[in-house]
Amino acid sequence: MTQLASYTDYKHYLVTSPTPFVAHVEINRPAKLNAFLEAMWLELRQLFRQLSADPEVRVVVLSGAGDRAFTAGLDVQAASQGPLLKGVAGGVDVARKATQLRRHIDEFQECVSAVERCEKPVICVLHGISIGLAIDLSCCADIRICAKDTRFAVKEVEIGMAADIGTLARLPKIVSSFSWVKDVCITARDFGAAEALSVGFVSQVHDSKAAALEAALKLAEGIASKSPVAVQGTKELLNHSRDHPVAENLRYTSIWNSAALQAADFQAAMLSGMTKTKPRFEKL
């Protein structure tokens, strides 16, 4: 596993390449349970924009460094000095205070949404404490895998607010039960790996973080061997189908594939099936 030279400037993330075309991103603040500072979500946006455009990357695996937590969410002590908890300067009327807070929340949402907007598939590996912002982040991933010790929670109600970085928008579209979503979001209760699997929040549960990460990297390696035109197109079209009616998605798909099917990838994949050879796809 080698550290990617073009990603060494990130302070809060370690980016390595365990296999060709696979980037492993680790949230790297384990001493603080990978709790997020503002600088971390700003870096997250920059990092995933870079990964999205990098032709050397076809799949991203996102995990948290250390044994105790994927992330404990927002670093509340640090956030208390910012506008979300401290508020804005006094002497300003309600409309102007609200505008400043809205801009701050909008930027936070945009930074986390960069994970979802990444053109490459993102596999999230959760373990240990995975609360608050962990749910926002993992909801933005395409595939979620966890260790059996994972402790999940949508914690925002516990600190006197409604979750506002994406969980309430995305979680109801991910799992099979809207009743369950309201249950965990309104009560802020913990739930474990088995429950997360039963409602479809995660697709795999493994005995340990190491086993979950191994499974994710193996999955990523397989995806990276396929046509990047096909893989990235499939992600785009599935996300579009989630947010649009069937007729609109079919129309969008026909327009998308009218260009994508002209790539050399389609012919190479078809021929490899007939000749029983492994195809090689150009970078995208």
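Below is a summary of the structure that appears in this document. Owing to the predicted nature of the structure, the values given are computational and were not obtained by experimental measurement. (Residues numbered from 1 in each chain as written. Predicted model: local features only at pLDDT ≥ 70, side-chain atom pairs only at ≥ 80, totals over all residues. Heavy atoms only, no water.)

A separate point is the nonpolar core. Counting 52 residues, the largest nonpolar core has Phe48 and Phe201 as its most contacted members. Apart from the residues lying within four places of it in its own chain, the contact partners of phenylalanine 48 are Val60, Ala114, Val115, Cys118 and Val122. (Core = buried A, V, L, I, M, F, W, Y, C linked by side-chain atoms within 4.5 Å. Buried < 20%, exposed > 50% of the residue type's maximum accessible area, 1.4 Å probe, protein only. Contact = heavy atoms within 4.5 Å.)

Right, let's talk about the sheet that holds strand E6 (residues 122-126) for a bit. Across the sheet, which stays open at both edges, the seven strands sit in the order E1-E2-E3-E4-E6-E8-E11 with mixed pairing between neighbours. Unpaired on one side and paired on the other, strand E1 (2-3) and strand E11 (204-206) mark the two borders of the sheet. Taken together, the three bridges between strand E4 (residues 59-64) and E6 define a ladder with parallel strand orientation. Considered in E6, the bridge of valine 61 is made with isoleucine 123. (Pairing = 2+ DSSP bridges. Helix = DSSP H or I, 4+ residues; strand = E, 2+ residues; numbered from the N terminus.)

Here helix H5 (residues 133-140) crosses helix H6 (residues 167-174) at 55°, and the two axes come no closer than 9 Å. The angle between H5 and H6 falls in the class oblique. The way H5 lies across H6 gives a crossing that is left-handed. Between H5, through Ile135, Asp136, Cys139 and Cys140, and H6, the contact on the second element is made entirely by Thr167, Arg170, Leu171 and Ile174. Classifying every residue of the contact of H5 with H6 by side-chain character gives five nonpolar, one polar and two charged. (Axes fitted to C-alpha atoms, helices over the stretch in contact; angles between N-to-C directions. Parallel < 35°, antiparallel > 145°, perpendicular 65-115°, else oblique. Left-handed = near helix turned anticlockwise from the far one by under 90°. Nonpolar A, V, L, I, M, F, W, Y, C, P; charged D, E, K, R; others polar.)

Taking 1.5 Å of rise per residue, the 24 residues of helix H4 (residues 94-117) would be expected to cover 34 Å, and the 33 Å separating its terminal C-alpha atoms lies within 8% of that figure. Within H4, the axis deviates most sharply at cysteine 111, by approximately 25°. Looking only at H4, the buried set comprises His104, Phe108, Cys111, Val112, Ser113, Ala114, Val115 and Glu116. The distance from a side-chain oxygen at the start of H4 to the backbone nitrogen of alanine 95 is 3.1 Å, and the residue carrying that oxygen is aspartate 93. (Expected span 1.5 Å × (residues − 1). Bend = angle between axes of the 7 residues up to and from the residue. Polar contact = N/O pair within 3.5 Å; in protein donor to acceptor, adjacent residues only side chain to side chain.)

If you trace the backbone, serine 130 turns up in strand E7 (residues 129-131). By relative accessible area, which is 0% here, serine 130 ends up buried. Non-local contacts of serine 130, meaning those with residues more than four positions away in its chain, are made with Phe70, Thr71, Ile135, Thr150, Arg151, Phe152 and Ala153.

Of all six residues making up strand E3 (residues 22-27), six are buried, and the element is well covered by its neighbours. Across the two faces of E3 the burial is the same, with Val22, His24 and Glu26 and Ala23, Val25 and Ile27 all buried. Pairing between strand E2 (residues 13-17) and E3: four bridges, direction antiparallel. Paired with tyrosine 13 across the strands is isoleucine 27, a residue of E3. The turn joining E2 and E3, which pair antiparallel and follow one another in sequence, is formed by four residues; a positive phi near 70° is taken by phenylalanine 21. Note: E3 against E4, six bridges, orientation parallel. Bridge assignment links histidine 24 to a residue of E4, and that residue is valine 61. On the question of chirality, the crossover connecting E3 to the parallel E4 by way of helix H1 (residues 38-53) is right-handed. (Right-handed = clockwise from strand over helix to strand, strands pointing away.)

Below, the discussion takes up H1. Taking 1.5 Å of rise per residue, 16 residues should cover 22 Å, and H1 covers 24 Å from first to last C-alpha, within 8% of that figure. For H1, the secondary structure elements touched by its buried residues are E2, E3, E4, H4, E6 and H5.

What follows deals with the sheet that holds strand E5 (residues 69-71). In space, the four strands of this open sheet follow the order E5-E7-E9-E10, with mixed pairing throughout. Of all the strands in the sheet, the pair left with one neighbour each is E5 and strand E10 (191-192).

Taken N-terminus to C-terminus, the directions of H6 and helix H7 (residues 178-187) make an angle of 145°; their axes are 9 Å apart at the nearest point. Viewed along their axes, H6 and H7 form a crossing whose handedness is right-handed. Touching Thr167, Leu168, Leu171 and Pro172 of H6 are Phe178, Trp180, Val181, Val184 and Cys185, all from H7.

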